[in-house]
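# Analysis of the macromolecular model
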Amino acid sequence: MTTATLETKPMTAEQLILVETDGSVGIIKLNRPKVLNALNPELMTQLAEQLEAFDKDDSIYVIVLAGSERAFAAGADIGDMAECSSLEMYKRDQFATWDRIKRTKKPIVAAVSGYALGGGCELMMLCDVIIASDTSQIGQPEINIGVMPGAGGTQRLTRAVGKATAMDVILTGRFLNAAEALAGGLVSRVVPREHFYSEALRIAHEMARKGPIALRFAKESVLKAHETALSEGLEYERKLFYALFSTEDQKEGMRAFMEKRKPDFKGK
Ligand code: CAA
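First, a word on scope: everything that follows refers to the structure included in this document.

A few words on a nonpolar patch on the surface. A surface patch of nonpolar side chains, about 440 Å² in accessible area, is lined by Phe241, Tyr242, Phe245 and Met254. Within the element layout of this structure, Tyr242 appears in helix α11 (residues 230-243). Judged by its relative accessible area of 55%, Tyr242 falls in the exposed class.

This is the structure we're talking about:
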C-alpha cells in the first residue's frame, strides 16, 4: 500500500469541495474542515454539479469521494437548519440535491475516515465501494438532536445491516466502529487509517482499468437489487448483460482472455 496525500489547495475561499483528476479517476474531497465537513446546501449543490460533470466527461471512468482523516462528514449542517420550520424545510427541498447525487452513473468509491454521521453516513451509503479507515465511527445520531435520518438513513442502513442493528444505531444514536460496519456489510473494506485515501484511490484505478460501460451497467444492476422484487431485478440484470454484447469492450475483454493478454478497453 502507498500513502497518497490528501492536501490540495482550494482555488477560492468559497470552494466547499476540492476537485482533481488522476488519469481516468475523478476525485472530489469535501472541504469544510472547521465543521467536520458538515453538509450544508451549498456544499451539496457543488457536489451534485461536480458529479454530473464527471458523469458527462468521457475521460473519467470512476469517481473517488473523500473526506478528511478526522471526518468523512459529521452530518447535515445543524446550524443551517436549527431554526427552520417544517414549511421552510419543505420549501427548501434540500434533498432534491441528494436525488441528483443518487443518479450518478459512474461508480463512486468513498474514502471514509473518522466520523461518518447522519447525512455523512447517508452520503457514504450513496457511494458504491466504501473504503473505511480503522478509525471510522459511523452512525445516525439524529435522535440526539430531536430528529431522525432524513436523507435515506432509515431505508439504506436497514437494507445494509438489517433491522436489529439499524434500530440500535438509529434509536440509540450509537456509533458503529469500523469492524462492526464491515461485519454488518455497511462498508466494503477496512484499512489502516494512514492508507484510507491511497487505498480508495488504488481501488478506483483498479476499477478504471475495466470496461467503463460494463462498470456503469453493473452498478445500475446492483442498485436495482434494492429497488425491485428478485424476479424483476433478475430480468433487468439479464437485459443489461445482453446489451453489453453490443459493445467493443465486450469483444475486446473476451478476446483478450482467449488470447491470454490484458484487455485494452476503450469505453465503446
Ligand atoms: N453541523 C454543524 N456543525 C458541526 C456538525 C454538524 N453536523 N458536526 C460538527 N460540527 C462542528 C462543531 O459545532 C464544532 O464547531 P466549533 O468548533 O465552531 O464549535 C466543530 O464542528 C468540531 O466539532 P466538535 O467540537 O463537536 O468535535 P468533537 O470531536 O468534540 O465531536 C462529533 C465530534 C461527535 C462529530 C460532534 O461534533 C457531533 O456530535 N456532531 C453532530 C453529529 C450529528 O448529530 N449529525 C447529524 C446531523 S442531522 C442530519 O444529518 C440529518 C440528515 O439526515 C440529513
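To continue, consider the environment of Ala214. Looking at where Ala214 falls in the secondary structure, it is placed in helix α10 (residues 212-227). It is 6.7 Å that separates the C-alpha atoms of Ala214 and Leu244, two residues lying 30 residues apart in sequence.

Attention shifts here to the packing of α10 against α11. When two helices pack together, their arrangement is given by the angle between their axes and by how far apart the axes lie. Running from N to C, α10 and α11 point in directions that differ by 175°, and their axes come no closer than 9 Å. By the criterion of interaxial angle, the relationship of α10 to α11 is roughly antiparallel. Facing Phe217, Glu220, Ser221 and Lys224 of α10, the residues of α11 in contact are Tyr236, Glu237, Leu240 and Ala243. When the residues that make up the contact of α10 with α11 are grouped by side-chain class, the tally is 4 nonpolar, 1 polar and 3 charged.

Let us look at the site of the ligand. In the neighbourhood of the ligand, 23 residues make up the surrounding shell, with Ala76, Gly119, Glu122, Glu142 and Gly150 lying closest. The side chain of Arg70 places a nitrogen or oxygen atom 3.0 Å from an oxygen atom of the ligand. Interatomic distance of 2.9 Å between a side-chain N/O atom of Glu142 and an oxygen atom of the ligand. Those elements that place two or more of their residues in the shell around the ligand are α2 (78-81), β6 (115-117) and α5 (119-126). Residues that form the shell around the ligand fall into these classes: 14 nonpolar, 4 polar and 5 charged.

Attention shifts here to the pattern of salt bridges. This structure, assessed with the given rule, holds 13 salt bridges. Between Arg261 and Glu252 there is a salt bridge, and its shortest N-O distance comes to 2.7 Å. Residues joined in a network through salt bridges with shared partners are Asp168, Arg174 and Glu180.

It is worth spelling out the sheet that holds strand β8 (residues 137-139) at this point. Here 4 strands make up an open sheet; going across it, the order is β4-β6-β8-β9 and the pairing mixed. Sheet topology places β4 (71-73) and β9 (176-177) at the edges, where each strand pairs with a single neighbour. When β4 meets β6, the two strands line up parallel, connected through 2 bridges. Bridge assignment links Ala71 to a residue of β6, and that residue is Tyr115. In this fold α5 packs onto β4, β6 and β8, with an angle of close to 90° to the strand it touches most, β6.

This part takes up the sheet that holds strand β5 (residues 108-112). Read from one edge to the other, the open sheet built from 6 strands follows the order β1-β2-β3-β5-β7-β10, with strand pairing classed as mixed. Only two strands of the sheet have a single neighbouring strand rather than two, namely β1 (17-22) and β10 (189-191). Adjacent strand axes in the sheet meet at a mean angle of 20°, parallel and antiparallel pairs treated alike.

Scoring rules and cut-offs
- Residues numbered from 1 in each chain as written.
- Predicted model: local features only at pLDDT ≥ 70, side-chain atom pairs only at ≥ 80, totals over all residues.
- Heavy atoms only, no water.
- Patch = residues over 30% accessible without salt bridge, like charges linked within 9 Å, V, L, I, M, F, W, Y side chains within 5 Å.
- Areas by Shrake-Rupley, 256 points an atom, 1.4 Å probe, with all protein chains shown as cover.
- Salt bridge = Lys/Arg side-chain N within 4 Å of Asp/Glu carboxyl O.
- Helix = DSSP H or I, 4+ residues; strand = E, 2+ residues; numbered from the N terminus.
- Buried < 20%, exposed > 50% of the residue type's maximum accessible area, 1.4 Å probe, protein only.
- Axes fitted to C-alpha atoms, helices over the stretch in contact; angles between N-to-C directions.
- Parallel < 35°, antiparallel > 145°, perpendicular 65-115°, else oblique.
- Contact = heavy atoms within 4.5 Å.
- Nonpolar A, V, L, I, M, F, W, Y, C, P; charged D, E, K, R; others polar.
- Near = heavy atom within 4 Å.
- Polar contact = N/O pair within 3.5 Å; in protein donor to acceptor, adjacent residues only side chain to side chain.
- Pairing = 2+ DSSP bridges.

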